[in-house]
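This is what each chain is made of:
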Amino acid sequence: DSAKKGEFQKSLLGGEKSLKEYMDRTYVGNSAKWKDVALQRYDNLKMQIKLEGKVDDLFNLNIYNSLERRNLDGRIEDLEIYLKAHPNLSDSERNNIETGIHKLQQAGVIVAGQQWDLANVSRAKIEVRKRIQNSKDLMLQAQKNGDFDTVKRLKGEIRGWKSGERQLNSAMLFGRIG
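Just so it is clear, the model here is predicted, and its values are computed rather than measured. (Residues numbered from 1 in each chain as written. Predicted model: local features only at pLDDT ≥ 70, side-chain atom pairs only at ≥ 80, totals over all residues. Heavy atoms only, no water.)

Draft legend 1. Region of the structure containing the overall build of the protein chain. Looking only at helices and strands, the protein chain features 7 helices and 0 strands. Scanning the protein chain from its N terminus toward the C terminus, one meets helices and strands in the order α-α-α-α-α-α-α. Looking at the protein chain residue by residue over its 178 residues, the buried ones come to 28%. Within the protein chain, contacts between residues at least 6 apart in sequence are counted, and of these 53% link residues at least 24 apart. With the model as given, the accessible surface of the protein chain reaches about 12,000 Å², and the carbon-plus-sulfur share is 52%. (Helix = DSSP H or I, 4+ residues; strand = E, 2+ residues; numbered from the N terminus. Buried < 20%, exposed > 50% of the residue type's maximum accessible area, 1.4 Å probe, protein only. Contact = heavy atoms within 4.5 Å. Areas by Shrake-Rupley, 256 points an atom, 1.4 Å probe, with all protein chains shown as cover.)

Draft legend 2. Representation of the nonpolar core within the structure. Grouped together as the largest cluster of nonpolar side chains are 12 residues: V109, V121, A124, V128, I132, M139, A142, V151, L154, I158, W161 and L168. If you list the elements that add at least two residues to this core, you get α6 (118-145) and α7 (148-177). Not counting residues up to four positions away in its chain, the partners in contact with V109 are R69, A124, E127, V128, W161 and L168. Core analysis: the next-biggest nonpolar cluster, separate from the first, contains 8 residues, L72, L83, L89 and I101 among them. (Core = buried A, V, L, I, M, F, W, Y, C linked by side-chain atoms within 4.5 Å.)

Draft legend 3. The environment of K35, seen in detail. One can find K35 in helix α3 (residues 33-49). Taking the C-alpha atoms as reference points, K35 and D24, separated by 11 residues in sequence, lie 7.4 Å from one another. With residues near it in sequence (within four places) discarded, K35 still touches K20, M23, D24 and Y27.

Draft legend 4. Examining the environment of L89 more closely. If you trace the backbone, L89 turns up in the loop between α4 (61-85) and α5 (91-113). Other than its neighbours up to four places away in sequence, L89 contacts Y82, L83, R94 and I97.

Draft legend 5. Layout of helix α2 (residues 16-26). Along α2, the residues that are buried comprise S18, L19, Y22 and M23. Taken around the axis of α2, the buried residues stretch over an arc of 135°, which confines them to a single face. (Arc of directions from axis to C-beta.)

Draft legend 6. View of the confidence of the model for the protein chain. Of the residues in the protein chain, 79% reach a pLDDT of 70 or more, and the chain-wide mean stands at 77. Element-level mean pLDDT values for the protein chain span from 72 in α3 up to 85 in α6. (pLDDT = per-residue confidence, 0-100.)

Draft legend 7. Just the pattern of salt bridges, in detail. One pass over the structure, following the stated rule, counts 6 salt bridges. Among the salt bridges present, the one from D24 reaches K20, with a minimum N-O distance of 3.6 Å. Of this pair, D24 and K20 are both found in helix α2, 4 residues apart, which corresponds to roughly one turn of the helix. Accessibility expressed as a relative area gives 33% for D24, which makes it partly exposed. Here K20 falls in the partly exposed class, since its relative accessible area comes to 40%. Notably, a salt bridge pairs D73 with R69, separated by 2.8 Å at the nearest N-O pair. Taken together, the residues D73 and R69, both in helix α4 and 4 residues apart, mark about one turn of the helix. (Salt bridge = Lys/Arg side-chain N within 4 Å of Asp/Glu carboxyl O.)

Draft legend 8. Region of the structure containing the environment of L39. Inspection of the secondary structure puts L39 in helix α3. Taking relative accessible area as the criterion, L39 reaches 16% and is therefore assigned buried. Spatially, the C-alpha atom of L39 lies 9.5 Å from that of E16, the residues being 23 residues apart in sequence. Setting aside anything within four residues of it in sequence, one finds L39 in contact with L19 and M23.

Here it is in structure tokens:
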């Protein structure tokens, strides 16, 4: 709820002591074990994005987008490692993981374009168009081979990429207006 969010934001602005006090009040009982984990993740985050005590950086869109890109890249890498480590997955399981990878890649392209810099949006749009064309080429090959499960999966990916392209078009429109 918004009251808790406001309290959390105030604790962030209040510094380390304020954040720890907030965590002590919020994480009680069974959830208390997560307090130390959350504080450690916060410390790691500060080191990763080099906040250096600048509170304004917590709300900097470019830093957030950079952090989100790293998160998405890490999740993609984890799924790719899982695929390589488990070569005996069923076709269905493999397709589900590959679909997950593609969706994370789509999100990554959109996040990269949402930095409201027209050059970033333009690069992201070019990447989306390449991915759409690549998926179309793969779909045609799958149709020739009679692999209708792959065709269905690729059609869904193409829809997802086109949705992302529409979002980037909106970003370009607002970037030009703003």
